Every structure is written in structure tokens, then in C-alpha cells.
6 protein chains.
Amino acid sequence: LFSGADLANLCNEAALLAARHNKEAVEEKDLEAAIERVIMGPEKKSRVMTKREKELTAIHEAGHAILSLLIPDVNPVTKVSIIPRGMAGGYTLTPPREDKAYHSKAELYGDIVVALGGRVSEELNFGDITTGAAHDLESATEIARKMVCDFGMSERLGNITLGKSHGPLFLGRDLVEEKNYSEATASIIDAEIKRIIDDCYSRAKKLIQENQEKLKLLANTLLEKEVLSGVEIRRMLGLTNPGISNANPPIQQS
Amino acid sequence: LFSGADLANLCNEAALLAARHNKEAVEEKDLEAAIERVIMGPEKKSRVMTKREKELTAIHEAGHAILSLLIPDVNPVTKVSIIPRGMAGGYTLTPPREDKAYHSKAELYGDIVVALGGRVSEELNFGDITTGAAHDLESATEIARKMVCDFGMSERLGNITLGKSHGPLFLGRDLVEEKNYSEATASIIDAEIKRIIDDCYSRAKKLIQENQEKLKLLANTLLEKEVLSGVEIRRMLGLTNPGISNANPPIQQS
Amino acid sequence: LFSGADLANLCNEAALLAARHNKEAVEEKDLEAAIERVIMGPEKKSRVMTKREKELTAIHEAGHAILSLLIPDVNPVTKVSIIPRGMAGGYTLTPPREDKAYHSKAELYGDIVVALGGRVSEELNFGDITTGAAHDLESATEIARKMVCDFGMSERLGNITLGKSHGPLFLGRDLVEEKNYSEATASIIDAEIKRIIDDCYSRAKKLIQENQEKLKLLANTLLEKEVLSGVEIRRMLGLTNPGISNANPPIQQS
Amino acid sequence: LFSGADLANLCNEAALLAARHNKEAVEEKDLEAAIERVIMGPEKKSRVMTKREKELTAIHEAGHAILSLLIPDVNPVTKVSIIPRGMAGGYTLTPPREDKAYHSKAELYGDIVVALGGRVSEELNFGDITTGAAHDLESATEIARKMVCDFGMSERLGNITLGKSHGPLFLGRDLVEEKNYSEATASIIDAEIKRIIDDCYSRAKKLIQENQEKLKLLANTLLEKEVLSGVEIRRMLGLTNPGISNANPPIQQS
Amino acid sequence: LFSGADLANLCNEAALLAARHNKEAVEEKDLEAAIERVIMGPEKKSRVMTKREKELTAIHEAGHAILSLLIPDVNPVTKVSIIPRGMAGGYTLTPPREDKAYHSKAELYGDIVVALGGRVSEELNFGDITTGAAHDLESATEIARKMVCDFGMSERLGNITLGKSHGPLFLGRDLVEEKNYSEATASIIDAEIKRIIDDCYSRAKKLIQENQEKLKLLANTLLEKEVLSGVEIRRMLGLTNPGISNANPPIQQS
Amino acid sequence: LFSGADLANLCNEAALLAARHNKEAVEEKDLEAAIERVIMGPEKKSRVMTKREKELTAIHEAGHAILSLLIPDVNPVTKVSIIPRGMAGGYTLTPPREDKAYHSKAELYGDIVVALGGRVSEELNFGDITTGAAHDLESATEIARKMVCDFGMSERLGNITLGKSHGPLFLGRDLVEEKNYSEATASIIDAEIKRIIDDCYSRAKKLIQENQEKLKLLANTLLEKEVLSGVEIRRMLGLTNPGISNANPPIQQS
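Residues numbered from 1 in each chain as written. Chains lettered and ligands numbered in written order. Predicted model: local features only at pLDDT ≥ 70, side-chain atom pairs only at ≥ 80, totals over all residues. Heavy atoms only, no water.

On to the overall build of chain A, then. A count of helical and extended segments in chain A gives 8 helices and 5 strands. For chain A, the α and β elements follow one another from N to C terminus as α-α-α-β-β-α-α-β-β-α-α-β-α. A separation threshold of at least 6 residues defines the contact pool for chain A, and within that pool the share at least 24 residues apart is 67%. Counting every atom, chain A has about 12000 Å² of accessible surface; 54% of that belongs to carbon and sulfur. (Helix = DSSP H or I, 4+ residues; strand = E, 2+ residues; numbered from the N terminus. Contact = heavy atoms within 4.5 Å. Areas by Shrake-Rupley, 256 points an atom, 1.4 Å probe, with all protein chains shown as cover.)

It is worth spelling out the pattern of salt bridges at this point. Here the structure, examined in full by the defined rule, presents 42 salt bridges over all chains. Between K206 of chain A and E210 of chain A there is a salt bridge, with the nearest N and O atoms lying 3.0 Å from each other. With K206 of chain A and E210 of chain A both in helix α6 (residues 183-210) and 4 residues apart, the pair spans about one turn of that helix. The residues K206 of chain A and E210 of chain A share a single accessibility class, namely exposed. K51 of chain C is paired through a salt bridge with E55 of chain C; the nearest N and O atoms lie 2.6 Å apart. Here the residue K51 of chain C and the residue E55 of chain C both occupy positions in helix α3 (residues 51-70), the gap between them amounting to 4 residues, near one helical turn. The buried category is assigned to E55 of chain C, whose relative accessible area is 7%. Connected through shared salt-bridge partners, E192, R195 and D199 of chain A make up one network. (Salt bridge = Lys/Arg side-chain N within 4 Å of Asp/Glu carboxyl O. Buried < 20%, exposed > 50% of the residue type's maximum accessible area, 1.4 Å probe, protein only.)

What follows covers helix α5 (residues 134-149) of chain D. All names here are of chain D. Along its 16 residues, α5 runs 22 Å from first to last C-alpha, staying within 8% of the 22 Å computed at 1.5 Å per residue. Every buried residue belonging to α5 is among A134, D136, L137, A140, T141, A144, R145, M147, V148 and C149, and all of these are buried. Along its buried surface, α5 packs onto α3 (51-70), α4 (105-126) and α6 (183-210). (Expected span 1.5 Å × (residues − 1).)

Together, E138, E142 and D150 of chain C, E138, E142 and D150 of chain D, E138, E142 and D150 of chain E together with E138 of chain F give the surface a local cluster of negative charge. When contributions to the negative patch are tallied by element, the ones reaching two or more residues are α5 (134-149) of chain C, α5 of chain D together with α5 (134-149) of chain E. Its place among the elements puts E138 of chain D in helix α5. (Patch = residues over 30% accessible without salt bridge, like charges linked within 9 Å, V, L, I, M, F, W, Y side chains within 5 Å. Lys, Arg positive; Asp, Glu negative; His and termini not counted. Charge placed at Lys NZ, Arg CZ, Asp CG, Glu CD.)

The next subject is a nonpolar patch on the surface. On the surface, a nonpolar cluster with roughly 200 Å² of combined accessible area is contributed by V26, L31 and I35 of chain A. The residue V26 of chain A is located in the loop between α1 (4-20) and α2 (28-40) in this model.

Residue and element names in this part refer to chain D. Closest axis-to-axis distance for the α4/α6 pair is 8 Å, and the angle between their directions is 60°. Between α4 and α6, the angle is such that the two are oblique. The hand of the α4/α6 crossing is right-handed. In this structure, α4 uses Y109, I112, V113, L116, R119, V120, S121, E123 and L124 to contact α6, whose residues at the interface are R195, I196, I197, D199, C200, Y201, R203, A204, K205, I208 and Q209. (Axes fitted to C-alpha atoms, helices over the stretch in contact; angles between N-to-C directions. Parallel < 35°, antiparallel > 145°, perpendicular 65-115°, else oblique. Left-handed = near helix turned anticlockwise from the far one by under 90°.)

Turning next to the sheet that holds strand β1 (residues 79-81) of chain A. Residue and element names in this part refer to chain A. Spatial strand order, β2-β1-β5: 3 strands in an open sheet with antiparallel pairing. Single-partner strands in this sheet number two, and they are β2 (91-93) and β5 (227-229). Direction aside, neighbouring strands of the sheet carry axes that sit 5° apart on average. Relative to β5, β1 runs antiparallel, the two sharing 3 bridges. Looking at β5, one finds that K79 is bridged to S229. (Pairing = 2+ DSSP bridges.)

Residue and element names in this part refer to chain F. Taken together, the 3 strands give an open sheet; going across it, the order is β2-β1-β5, and neighbouring strands pair in antiparallel fashion. The open sheet terminates on both sides in strands that have one partner only, identified here as β2 (91-93) and β5 (227-229). Across this sheet, the average inter-strand angle for adjacent strands is 5°, counted without regard to direction. Taken strand by strand, helix α3 (residues 51-70) contacts β1 (79-81) and β2, and its axis lies near 15° from that of β2.

Turning our attention to the confidence of the model for chain A. Residue and element names in this part refer to chain A. Summing up the model confidence of chain A, the mean pLDDT is 84 and the portion of residues at 70 or higher is 82%. Scored below 50 in pLDDT, residues 166-176 makes 19 contacts in the model with residues more than four places away or belonging to other chains. Confidence metrics for the complex model read pTM 0.87 and ipTM 0.83. (pLDDT = per-residue confidence, 0-100.)

Here the focus is the side chain of D190 of chain F. Its place among the elements puts D190 of chain F in helix α6 (residues 183-210). For the buried D190 of chain F, no salt bridge is present, and the opposite-charge side chain at shortest range is R145 of chain F, 5.1 Å distant. Looking at D190 of chain F, its side chain comes within polar contact range of the side chain of T185 of chain E, at 2.4 Å. (Polar contact = N/O pair within 3.5 Å; in protein donor to acceptor, adjacent residues only side chain to side chain.)

Let's shift gears to the packing of α3 of chain D against α4 of chain D. All names here are of chain D. Two elements in contact, α3 and α4, have axes separated by 7 Å at closest approach and are oriented at 135°. Classed by the angle they form, the pair α3 and α4 counts as oblique. As for how α3 packs across α4, the hand of that crossing is right-handed. Residues R52, E55, L56, I59, H60, G63, H64, L67 and S68 of α3 lie in contact with α4, whose contacting residues are V113, V114, A115, G117, G118, R119, S121, E122, N125 and F126. Of the residues contributing to the contact of α3 with α4, the split by class is 7 nonpolar, 8 polar and 4 charged. (Nonpolar A, V, L, I, M, F, W, Y, C, P; charged D, E, K, R; others polar.)

Below, the discussion takes up a positive patch on the surface. A cluster of basic residues, K179 of chain A, K179 of chain B, K179 of chain C, K179 of chain D, K179 of chain E together with K179 of chain F, forms a positive patch at the surface. Following the sequence through the fold, K179 of chain D ends up in the loop between β4 (177-178) and α6. Relative accessible area serves as the criterion here: at 41%, K179 of chain D is assigned to the partly exposed category.

Along the chain, the position of E53 of chain B falls in helix α3 (residues 51-70). Judged by its relative accessible area of 6%, E53 of chain B is buried. Taking the C-alpha atoms as reference points, E53 of chain B and G89 of chain B, 36 residues apart in sequence, are found 8.2 Å from one another. Within the structure, the side chain of E53 of chain B is placed 3.1 Å from the backbone nitrogen of Y102 of chain A, a separation counted as a polar contact.

Once that is clear, we can look at the environment of A115 of chain E. Residues and elements named next belong to chain E. Tracing the chain through its elements places A115 in helix α4 (residues 105-126). For the pair A115 and K54, spaced 61 residues apart in sequence, the C-alpha to C-alpha distance is 20 Å. Each residue touching A115, except ones within four places of it in the same chain, is listed here: H64, D136 and A140.

Given below as C-alpha cells:
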């Protein structure tokens, strides 16, 4: 969700990158590089990671990438990198395939499963977990919270909205959120968020366990090449994205 | 609830639209178009929606429209559109028939049923639900909350008002709402809001299920024509609005 | 509770009304009209109400008026109108008979009964209730809350004051109220307020049911005449205000 | 607790009163009158009270006055008046006999009993209670709260202080009070305050019941004379203040 | 904990006192007097205390003083005075013997016992308690709270810190304290603080009861002399401070 | 986590120290000394500590140091000093061995164990505990809280994030933390933090008990020498740091 200032920033960055390569016009490739640069910070090739950190990063990112190709409804991986950028040791890009107005419940579940893929892979391959998943857990929790409080996607709580956020009137958009429900309801909200996250974690774990060989192949290739495109990954693993799960046409022409 | 600035904005917009069509005076049609423009944002004919999104929008809006013609006490549909406007993929207009000072409990229940019609139709026809109903759920919850807290329409809580809102004294009218009741009461408020929403959802579901053929006919016609007027919809579906449910004269002349 | 600015406003309004009728001095009648105008807004004779709304308003206001003549300790009606003013469809005036320093528990109970008279009459005569009673419920709740929290009139909570309001030091007199009690006490406060309101509602309902013929007569006359004075109403219904309930002299001269 | 500004105000008021009576210097009598004027507002001899209100005020103030002469440890009445001043219909003065650094638990209990004397007398003599005791209940509650939270005088809560008030750093001295204890403790605080108030109310009721004849004599004399001094009241009722309850010398010289 | 401004203030005060006595340089005695003056306010020899108040003050201060000589680990009394200063009727000085970086659990327990000595002595000798102990209870509660929340000295709550205070960023150092724990934990904190205070109160009571003769001797001497030094008190009572309780050397040289 | 200003400060300090020793360039040793100076304040050689305080400090710091050499995954000690600096009586330095992007659960557990080493050593050797561990407990609690709320490392609470901190938008980064969970969850968070701290405390206690001889040797040497380097300590105690606990290579090349 880019603001006007972000977009201006993006364009300038892309123009700069194009100019640096003596191009006369900005190409899609420049814009893509600019997006990564603006979101993740510039690459830090000079930063030295230990072998263990490299391995951990490779396994973590491979977890995200492989799940984005295994489950329906989510956006498939287009690029994975284990070259450090900003605070992150690596990253996996899964941009939206189309400009969507709606997101289905199945899709949001899928997004959480992908977000948890890094932590799951660490747990299964290292027997220990790290702080590297902190941002993933934050995203997953945020999606689950919105499903429960904003989108009426918890059967237990029903088709209501819970909490009221105050927009530009106050100190920053997301800053002030009014808790307009009881402690009893707050307790159910917590339980529902946990239930969703637990379900998605189990699903992620099962899928990673079933595809351990592919995960290791991807991680090892990453350790060697550092960056892989979505096309390369699909070809290597022999995976095609399942697309939208519910494909039967809902409206039959009479 | 338009402010003075809104009204000025509306008039200018209507004058502009009239001028664009070389009219000498603003007609009702221009004002109507201006209202849609100001509330929903300009049409985005250029935005490409996927076939699935188009279908989903058609089913969703048809759900609102059909319920507004099936239940008494509510304002009937005057226009449905699936041309994207602003953030919304489509919209259904149900303006008030008359300048009312009071709203009855039956009427408010009806408004909630209509608001839930989009979500219900999605669920019945796609087997999945989407984020597209977020704003509808917010409206429905807000009406239910007012019934319980402001209008004394919950038998369990009785003829009292709960909470106190502070007007123009503080940072924006709706911003500050004082919780002047106990947690025990807050818990009952939540339960009453949920009960109302659940009741209305059941009623919406039953009505849509009984009128599935009409819903699909309306949705398919929308996919074809993109915009339909209330008159066209009534004629196509053979429905007339039931009007006020309680028609027996309350005051008999002695 | 008029502020200085309110009073200045009132006087100007009264002078204006007197001038409009070519009087040389402001009469009590002008002041009375000015008070109604300042509190309720100007009359809206042009506003078209549906027949049903007119009937509902007549029944609602008749409920207030008749109760103010049936129960002791309260201020009797001096005027009823169903000509729309400002936001209200109609109104009933019950100004205090004398400049009182104290209000007894019996009197406050009576005030709540009168405030609930509109809602009760709607329920008994239309079988539905409306948002028109929102302001009445707010007044009734506010009186009940003060009885419990400020006046020590709940036997269960005893002769204490609960909560502390901060005056002109902060953002507007009624804005900041410190909750200086526990949740357990908050829960009893809620229960006590509800008990008082429920008692008064039952009493209002019983009285209206016993006087249904008089209520309908008053409502029908209102539909015809639109405005009635307290004297006209008493004469028509054959009611005299019971006055102070407890008339036995408390201090016997020894 | 007068501020510097209050004292300046007091002195000017006293000088004014002295000047008005053509005195060359301020006498104690002028200062006393000035204090009443500053605290209670000027006398409102013009304000018309109903006979019932006069009686109620007389009974109410007589209740305070008589208790201040019946129980030990408290400051005895020096003046009672039923001439309206400011918002109050009447008042009873009980200034401290000496400049004290400490207040004993027995003394604080006594102060609460005296504060509740007005309400008790109303209840016993009118069978109804009024809003006239609101300020008394506020004082009584405030003393009880300090006994429990600041002075360690609740055996159940022990020798601790509860809550922390922030002085001149923030918006007015008494405005901000930090709740630094649990809900469970808050609940015990409420129970302890209620227990103290209930005990004192019972004690006040018993004493007034035992002295009903004296109370009526005092009230009737007040109705006749409007103002009585402490000396007149003691002479009339034949009461002498019991003084400090615990008179045995705590320190025996060895 | 003196601020820079306090220290400057202290030095000026000491210089003034030295100058008033025609000294050429500030002596330790002047600095000591200045400290008392700055902390407690100037002496109020003119203020008349009742005999009872004098006795109460003497007993109260004697309670503090005697406990500071009876228990190990605390700072022994250096001066007791019953000449009123500022708001206090008297005071007991117990300055730290050395510049310490750490305070042991035993030492903090001892400080609470000494702080409660005044209230205990009042209770045992007058059979009533007064508001004079309010500041002592506040100190005792504050120490107990820090033991529980900051120093990990509650076995039930363990080696954690509870709450987070925000320093100079906000409105005064101690003003804002974030409650970062649950109600359940808040309830245990309250119970632990009460347990510590109750234990210390019992210990203070037992010690005072065992030393009643000495307490009365000290109080009576105070009534006569008004001010006593620590050396005079020790000589009179035959007490020597027990010093650090745990004297066995913890580290044996191998 | 040094800010830009901190770094500038550090460099200037290092340059100053180098200049003071007539060096032409800043050496690593100068930078190290500068870091200690900036974080801990300048040495206070003049401050006189009692023998007991010296012993306590030596035992406390020896506890931290020895644990950092006994458990895997943590950063080993590089320097211990018992020369007072700023507020602290002594300190133990354990700088990170490498620039890490991730921290494993095992590593964070280890950090808590080391932080608790000072308190444990005091308890085992003095039979009393002191306020000297306050900062250690704060660090330990903070790490445990982050494990539970930010890093999804509590199995009971699962892979979610709890609470939301607001960054530079508001009054200082760490100042405002939104509690977006229920009381029930808050209670589990507290229990989980306590469980982690209790586990680590037990582990620290067992290790110190098993290495009491080494601890005393280190403490006594510290009392004598005041400062010891990590190399000296390892040599003296014959300890080598266990390094990363989980050394088996997670990714086997296929």
C-alpha cells in the first residue's frame, strides 16, 4: 500500500537505476529493482554472515517459497534471495498476480500458511527456532486478527466487526484503535486468532514434511546461487501453482 | 448526513456534469450522478476485474438488491451497478423513500438483513466468503449496537442508554465514546449485538435460498448490462416492495 | 441550566418576537415562545410528516402528557405540540412549578416515569417501538444514574457517592468523570440503574393501560389541533395533578 | 485549606464589611462573616422557599447540629442558618477548635456521623430523602476513602497506602490519581468504604432517634429565628460537647 | 536524592546560617541544619500544640527512634525532635552510615519496620491511631512495592521485574508507570506488599511491646527537652546498634 | 544499539583517549575503553566501598562471568571489573562474537541464565540478596517477554505476536505499547515469562553450585586484582566456551 510520496520515491529510484545502466527509459526490470530497494533497503554484499546463518536463511526462505507453490489461492514466489538487505538476512517475493478488490477466506488462510513457512522449516531442520521469524509472525497475526475482527470470518464470533479504528483525525492511521467490546469477547478474539494460526502452522508443517527433499534441494541451490527466480524454482522443483481452489463456475447461465 | 461543505461540493459537481452535457440547468439526473460521484468516487471503467471478481460482485450486489425488495419496512433498491467506483467493485443504492423522523425496530432489523445480503449470497453461491463484505458488516454492527445502546431495543438490557458520546468538544464527533458501564454489562451488550446479527443473517439466508433463481437471474443480467435501475429489477423479477409491515391503524376514532 | 450567553440569546429572541408582533415590550408569552425556539429550534411547518409519523408523534407526546397529570410529585404538562421543531417531531413541556433547592426520591422516580411515557405509549398502541424515544431514555438513564451515584438513593449501594467529576479545570464540565470504584461496584451500579428504570417502566405501562381511552382522546385531539395547552388537556381529560404525595406535616409544634 | 489568593480575597471582603458598618478596623465578627460569604456565597434573602422546603432545611441542618453536640471527638456547631446562600438552602458551621496536626480514627468516624446527620433526619421525619444531602455524602465518602487508602485505618487492608496522587505537576492537584492496585483490592476498598459509611449511618440514626424531641425543638426554633448560634443551641437543648473520648493520660511519668 | 538545584539551595542555606552566627566558613553543623531546613521546612516554635498532640508526637517519634536502635541492618537514629517543622509535628533523622551501592533484603525489611514504629507506638499507648502516620505508611508501602516489583524479593513472584517506568521523556520522572502485567499478577503484587507490611508491623509491635519502658522514658524525656541527639538516646537507653546482621565472611581464602 | 550521535560521541572519546597517551592514531584498545566509558560512565577510583560491598560485587560479577563460560550459545566474558563506574559497583562484559542477524531460542535462554548469575551467586554465598541485581532482572525479564510476545517462543501461546509497539510517531520509541489482547491472555503471558525465568534461575543455581570452588577462586582473584580479562579468567579456571550447542549440519548435500 504505497502512498503518493512512496510512488514518487519509487519512480525516482527506478529512473536512477536506469540511468546508471545507460538506458534511455525505465524498464520493468528497473522498477522491480527499485521496489526491492525501497522496501528492503539496499543490498549489503559486504556484510559477512556465518555459514550457519547462511544455512538458516536459506532454509527459512525456501520454506516460504515452496509453500507459495504448493497451496492454492496464494501468490506464487517470483524471487528468493539470501543476500542481506537492510535488517533482513534474506527475502522471498510473492507479488499479487492481479489487482484484486476482494480476498477470500481461503486466500487469507493461504497467506498465513506461507508466512509461517520460514519458522516451520527452521524448526524441522535445526531443531531450534530463531528470532528471524518475528516479522512473519507479526504479519500472520495481523491477517488472522483482521479475519476475526474486520471480515467476519470467525464462525464463533459471527458476522460482526469488532473494534473501531480512527483514521487521519488522530495521530497516524493505525495508531488509535478503540476497543468497543467486552473482556469476554476479547478473550474469544484471542482464542480465534490462536486457532487460525495453529491450524495454518499444522498445515504448513505437514506440507514441508511431505516436501523435505524439495526444500533441501532449494535451500542448497540458494546457498550456491544466492538468488533464484520463480521460474527457476518451479523448473527445478517441478511444481506448478494450483491457482484458485474453487474453480467451478458459481453462476450457471439459465 | 451531508455537511454544508458536502452540499456545496455536491452542487458544484452537479453543475459541472450538467455543463459537460451542454444543459442550461441542473436536472435531477445530474444531481443523482453527482451524489454517486461524491460518495463512491468516480467510475473506474478502465480498471480490469477478473471474470471471477465480476461474478462475485454481481452475486454480492444482487443479494443486497433482492432482499430490499423481499422484506417489509426497508428502502427498496433504485439502482445496482457493478462498474467499479473508488475502492468498491460495485454498489446498490437504497435511498430513503421519505424524510423520516423515527425509525422503528422492525425497520432497523430490515436494514441489517439487507446489509448482510451480499455476504450471504457469496456464501451460498461460492462456498467461500470474501473481504468484500467488510463495510456491510461494519454498517450492520453499527445499527445493532445503536439498537442496543442508544434506542433501548434489547429486552435483556431494557429501556436504558449505555455509553455517552462527546460531541464537537473533543477530537471529532464520533471519536470519543465514554464507557460508563461495567464489564458484565459490556458482555451482555456484545451478546445482544451478536444475537441481532445472527437473527438477521438467518433471515437473510432463508430469503436468499428461497429466491436463488431470481438472484441468479439478476446477477447474470448485471454481468451483461453492468447497471440496472430499480424499476428494471422489479419488472424482471416480478417483485413489489411489501411497504410498512404494521399497517393496522393504531388510533381508532372513538 | 442556561449560561449567560444563553440568556442573552433568549432575551434577544424574545425582543425580536415582540417586535414582529408590533408590541412595545416583551411579554411573558414572547419569552415562552423564545425559550421553545432556543431549545427546540424554530417550528418547521413546511416539513411534511407521513400520516403514520403524525399518529406516532401524537401517541408518544400524549403518553408524556397524561403521565405528568396522573402521578404525584412531578411537574404537570403546560403545553403539547406535534408541529416539528428542529430534530424532534413534537414535544411536551413540563416546566418546574417552583424554584426548588431539593428534589425528593419520589419526585425523581416520577420524572423517570414521565420520561418513559412516550415509549410505553408507542409499544401499547403500535406493537413496535421507534428511535423517537432515544432522548427520553437518555434523560431517564441520567436521572437514575444520579440517584444511584450522586444522591445515595440506592439502598444496595448505600449513602455514598460513586465517581468524581472534574469541573471547569478540564475539557468541558461533563466530559471527564473519574471512575473511582471497582468493577464489582460498577456492576451493581448498572443493576441498580436497570432496576429503577424497569420499575418506572412498569409503573408507566400500568398507568397508560388504565388510561388508554384518555390517551387516545388526547392523541386524536392533538392530530386535529396540533397544539394543546395544559389547561385544555386537564379540562378535556378531567384530570387534576395530585401534587406532592407526602403532605403530612413532618414537624409538629410541641 | 485556603490558598494565598483565597486569603487575600477573605481580607478584602472583611475590610469591606467593616467599612460598610463604619468601623475603623476589621473585627473577628467581620472576618467570620467574610468567611461565610466567600465559602457559601452571599445570602439570598429574596429567594422564596416553599414551606415544605423550609421545614426540610430546618430538619436537615438540625440533624448536623445536634450530632455535633452528641458525639465525642468532633468539632461542635457554632452556627446554624436556614437563610439560603449560593446553591445551599441552609448550612451548619463546625469550625475546628484548635490548629491540629493529627486527626484520630475516632475523630474521622465522628466527622462522618455528623456529615450524615442531615440525610438521617430527613429520612426519619419525612419518610423520603432528597438531593439536598448530595454534598454531605460526597464529604463522608471522601473521608472514608482517605481512612482506607491514605491513613491505613482499615484493618482488612492494613497499614498500607493505596493509589498515588500527582500534585502540581499535572492538571490541577486532585485531578490525577494513579490506581496502582488490582481489581481485587479495588473491590475490598469499596467494601471497606461502604462498611464505614454504613456503621456511621447506623450510629447517626440511633442518636437522632434517641433525640427526636430535641431535634424537633431545634428545627422549629430554626423555622422561627432562621439563625442560631452554637451557644444558643447548647443552652436550648441542655447539651455539652463530650470533648475528646480518650482522656486517660497515655504517658505516666515514672 | 538531591538534584543539582537542591544542592545549590542547600549550600546557600548553609552559608546563610553560618553568616548568621558570624562564622567565616560553613561547618558540618551548618550543613546539617540546612538539610533539615530544606527538607522539613523552618522550625515553627510559635505554633501551639495541645498537650495531647505533644504527647502523641513524642510517643510516635520515640517509636521510630527506638526501633532504629533495636534491629540490625538499619541506619540508627542521629536526632529526634518534637518541635514542629513545616507540616510535621516532629521528626526522627536516620541518615545512612555509609555511601552504599546495594541494599540487602534484610536491610529493606528493617527500614519498613522502623517506618511503622510511629503508628505501632500510637496504637499501643493511645488505643487509637492518627493521620500522623500517613507519610510513614507511604514510605513503607513504596519500599515493599519496590522489593516486589523491582528487586525480585518476593519468592512467590520470582526473579522478575514488574511494570516499566518512563523517565525524563514524559511529565516528570515518577509520573508515568506502565502496567505491563495482568490483573491476576496485580492481585498477587498487592498480596505480597500486604504480607511484607503485615510481617514488619508484627515485628515492630513485638519489639515495642518488649521495650515499653524504654519507649516511655524516651518519650517523656522528649516532652521535656524537645530535641535529643542519637548519642544522648543511646546513652539514656543503654542501647547499641546491632549493625549488619550477617557478619560471617562469605569468601574464604583458599 | 548505538545511534549516530552515540557513534560520534564514541569516536571523539576514543580520539581523546589516544591523544592522552600520545598516540598518533586510535587503536582498538582506545575504542574499547571509550565504549566502556560511554556506556558505564568514567571509573570512580576515589569512591570508597566497604569490604562487604567489595566482596558482594566480586561474587556477583564472578557469577555472571563463570556462567558465560559454562553454557553453550552465549557470548563468553571478555572482561570483569569491580572498580565502580557510574551507578554500578562493577561489571562484566560479554560482547557478541559475531554480527548476528538471528538469535535462537537456546541462545536467548542462555542470555537469561547469565543475567541471573549475579543474583544466584549472592544468594548462595551471602544467604541474603541485594538490590544490586535490579538491572539484571530487568534485562532477563525483557528477554523473556520478547520470547513470549514477539518471537513466538512460548509453546502455550503459539506462533503469534502479542501487543503492538508504536515507533517514532509517538513520544519515544519504546514508550507506547498497545495491549491488543485480553486479560486471560495477559495472565498466560505473565505465567510464561515467570516459567522461563524460573527455569533459567534453576539452571543458573545448579551450575553455580557445581562450580562453587571456581566461583570463589575467581571472586578472590578479583578482590585482589580488581580487573581480569576473559583470557586470564579462562586460563585460571580451565574453562573453554562450549560454543553453539547444535552443531550438526542441518542441510546434507544430496
